[in-house]
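One-letter residues, chain by chain:
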Amino acid sequence: MKKKQALKGIVGVLVIFGLASLLGFGLAKTPETPLTPSSEQIENEWSAEEHLIAANLFEETAVRLEAKVDHLEQRIARFTKKPYLDPKGFKRQGWKLLKGSHRAELKELREQIVWHYEQAKQLNAMSVPKGKGENGKS
């Protein structure tokens, strides 16, 4: 009987300390700097070369995705010609869904590629006049 009461007391104390520590963590001050940088900070941190590198990487990924889409289209065409390989059409339907998701990803990649090229172009345009202006003043 006394062991049960002592155990309940210990559990109660542990629960109180646990809740108090959670409350303490909740009231702790967080650093005032944002954890995620804004898009302007990200844009300013990248150089034109980095934008070009990113665009090239996205282009390589896009080429691989296009190859996957072509392969899926070939598979779908083959199974369409030979419906006995997929009598209920489950494989074809799955491949069509996968092809659609790859195309959506391709569209997004192309938008990112264009954005990175535009950013690189803007950064190059901004750096050129500065260099000419400094040379003209000297």
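Rules used in this analysis
- Starting from 1, residues in each chain are numbered consecutively following that chain's sequence as written.
- Under the rules for a predicted model, residues below a pLDDT of 70 receive no local features and side-chain atom pairs below 80 are neither given nor counted, while totals for whole chains, interfaces and linings still include all residues.
- Water and hydrogen atoms were dropped before computing side-chain values, which therefore reflect all heavy atoms in the structure.
- Secondary structure follows DSSP: runs of H or I at least 4 residues long count as helices, runs of E at least 2 residues long count as strands, and numbering of each begins at the N terminus.
- Residue count minus one, scaled by 1.5 Å, sets the expected span of a helix.
- Buried means the residue's accessible area, taken with a 1.4 Å probe over protein chains only, is under 20% of the maximum for its type, while exposed means over 50%, and partly exposed covers the values in between.
- By nonpolar core we mean a set of buried residues, namely Ala, Val, Leu, Ile, Met, Phe, Trp, Tyr and Cys, connected to one another through side-chain atoms within 4.5 Å.
- The criterion used for residue contact is that any of the two residues' heavy atoms lie within 4.5 Å.
- Any carboxyl oxygen of Asp or Glu within 4 Å of a side-chain nitrogen of Lys or Arg constitutes a salt bridge here.
- In this count, Lys and Arg are taken as positive residues and Asp and Glu as negative ones, while His and the chain termini are left out.
- Like-charged residues within 9 Å of one another, or nonpolar side chains (Val, Leu, Ile, Met, Phe, Trp, Tyr) within 5 Å, are grouped into patches, provided each residue has over 30% relative accessible area and no salt bridge.
- Note that accessible areas follow from Shrake-Rupley with a 1.4 Å probe, and for residues the cover is restricted to the protein chains shown.

**Details of helix α3 (residues 48-81)**
Line of reasoning, step 1. The first and last C-alpha atoms of α3 sit 49 Å apart over 34 residues, in line with the 50 Å expected at 1.5 Å per residue.
Line of reasoning, step 2. Within α3 the residues assigned to the buried category are Ala48, His51, Ala54, Ala55, Ala62, Leu65, Val69, Leu72, Ile76 and Phe79.

**As for the nonpolar core**
Line of reasoning, step 1. Counting residues in each nonpolar core, the largest one holds seven residues, listed as Ala55, Ala62, Leu65, Val69, Leu106, Leu109 and Ile113.
Line of reasoning, step 2. Taken together, the elements giving at least two residues each to this core come down to α3 and α4 (90-137).
Line of reasoning, step 3. When residues of this core are assigned to their parent elements, the largest contribution, four residues, is made by α3.
Line of reasoning, step 4. Excluding residues within four positions of it along the chain, Ala62 makes contact with Leu106, Leu109 and Ile113.

**Points about the pattern of salt bridges**
Line of reasoning, step 1. A complete count under the given rule lists three salt bridges for this structure.
Line of reasoning, step 2. Glu73 serves as the salt-bridge partner of Arg103, at 2.3 Å between the closest nitrogen and oxygen. Residue Arg103 is found in helix α4, and its partner Glu73 is found in helix α3; the two are separated by 30 residues along the sequence.
Line of reasoning, step 3. With a closest N to O distance of 3.5 Å, Arg92 and Asp86 form a salt bridge.
Line of reasoning, step 4. By relative accessible area, which is 16% here, Arg92 ends up buried.
Line of reasoning, step 5. Using a relative accessible area of 5% as the deciding quantity, one classes Asp86 as buried.

**Points about the side chain of Lys99**
Line of reasoning, step 1. As for its position among the elements, Lys99 is in helix α4.
Line of reasoning, step 2. Within the buried set, Lys99 has no salt-bridge partner at all; the shortest N-O distance to an opposite charge, 4.1 Å, is to Glu73.
Line of reasoning, step 3. With sequence-adjacent residues up to four places away left out, Lys99 is seen in contact with Val69, Leu72, Glu73 and Ile76.

**Topic: a nonpolar patch on the surface**
Line of reasoning, step 1. A cluster of nonpolar side chains, contributed by Leu7, Val11 and Val15, occupies part of the molecular surface with about 260 Å² of accessible area.
Line of reasoning, step 2. Secondary-structure assignment places Leu7 in helix α1 (residues 2-27).
Line of reasoning, step 3. Accessibility expressed as a relative area gives 53% for Leu7, which makes it exposed.

Treat this as a map of the structure, not an account of what it does.
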